Amino acid sequence: MDTPEPLLKIRDLHVGYGKKPILRGATYDVLPGECLTLLGANGSGKSTSLNAVCGFVKPSSGSVLFDGIETAGLSPHKIFAHGIAQVSQARDLFPDLTVEDNLRLGAMRRGGKELSQTLGLVYDRFPRLAERRKQATRTLSGGEQQMVAIGRALMSRPRLLLLDEPSGGLSPQFCEEIARIIDTLKEDGVTMLMVEQNLNLAFRAADRFIVLRDGEVVDGGDVRAMAGDHDAIVREIYL
Ligand SMILES: Nc1ncnc2c1ncn2[C@@H]1O[C@H](COP(=O)(O)OP(=O)(O)OP(=O)(O)O)[C@@H](O)[C@H]1O
């Protein structure tokens, strides 16, 4: 089977903070409809990679080609308008607003019928949020707040969803729920680039993985091809 044209092409990407280089020539693709997970030890540049894709940090050189458009160096709002949304580790929700108000804030300038339809789709995906739509977001559990953060990103109907540690601090049971959510998003045709330290979740939810070490891609492959044997990758990441 022919490999489809990548939705995202990262080429020789360099990013640093001050004089400190973090990404040093990272090159990889994200294929349409897949979930690609970035693996690597703490500080290897995983979150920096997501932040470079969504424009929170500016690459010093290299290319970020999204559906044929060069986005490296564009401002975050322009990149968002091209269809890239990030769910950050901090979630960045408004705690005193209701669930529904937080979701509506993700809808860009869309209004009226289109907004109601998208809200309906998000509630279909997250019935627990529909039940709690009028509740202040701060009163939700951590897992439910993570659903709001993902739901809010989906309100912009992104073509690429960036997920930074979706399991962050949540129970194993919720990790399974996140994995199911990622499955349904794939069915909906959402392409995902994810950072995830919980390897059970990463290998359960992702189609492919790459391993970053010191800002370079040192390995990668198809999750199914490993047939559950992840030991070599775990050694590669942590030793
Ligand atoms: N805004 C910043 N200013 C200066 N240094 C930063 C900044 N953000 C990240 N760094 C540094 O860049 C390096 C890579 O950070 P990054 O968050 O990309 O790593 P990571 O692989 O996601 O790590 P972790 O798994 O611990 O979240 C770290 O050494 C971090 O301290």
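Residues numbered from 1 in each chain as written. Predicted model: local features only at pLDDT ≥ 70, side-chain atom pairs only at ≥ 80, totals over all residues.

- For the protein chain, the name recorded in an unreviewed UniProt entry is Amino acid/amide ABC transporter ATP-binding protein 2, HAAT family, with Salipiger abyssi as its organism.
- Quoted verbatim from the Sequence similarities (unreviewed entry) field of UniProt, the annotation for the protein chain is "Belongs to the ABC transporter superfamily." (UniProt positions renumbered as here; feature names shortened; annotations may be inferred.)

### Things to note about the site of the ligand
Part 1 of the argument: The environment of the ligand is formed by Y17, I22, G40, N42, G43, S44, G45, K46, S47, T48, V195 and Q197.
Part 2 of the argument: The biggest single contributor to the shell around the ligand is helix 1 (residues 46-54), with three residues.
Part 3 of the argument: Here the shell around the ligand is built from residues that sort into three nonpolar, eight polar and one charged. (Near = placed C-beta within 6 Å. Helix = DSSP H or I, 4+ residues; strand = E, 2+ residues; numbered from the N terminus. Nonpolar A, V, L, I, M, F, W, Y, C, P; charged D, E, K, R; others polar.)

### Looking at helix 7 (residues 172-187)
A turn of α-helix holds 3.6 residues, and therefore any two residues three or four places apart point the same way.
Part 1 of the argument: Spanning 16 residues, helix 7 covers 23 Å between terminal C-alpha atoms, matching the ideal 22 Å at 1.5 Å per step.
Part 2 of the argument: C175, I178, A179, I181, I182 and L185 are the residues of helix 7 that are buried. Buried residues of helix 7, viewed axially, fall in a sector of 160°; they line one side. Residues of helix 7 that are exposed and point more than 90 degrees away from the buried face comprise Q173, R180, T184 and E187.
Part 3 of the argument: The elements touched by buried residues of helix 7 are strand 3 (35-39), helix 4 (112-125), helix 6 (142-154), strand 7 (160-164), strand 8 (191-195) and helix 8 (199-205).
Part 4 of the argument: Just downstream of helix 7, G189 is the residue with a positive phi angle, here 85°. (Expected span 1.5 Å × (residues − 1). Buried ≥ 20, exposed ≤ 12 C-beta atoms within 10 Å, placed from the backbone. Arc of directions from axis to C-beta. Contact = placed C-beta atoms within 7 Å.)

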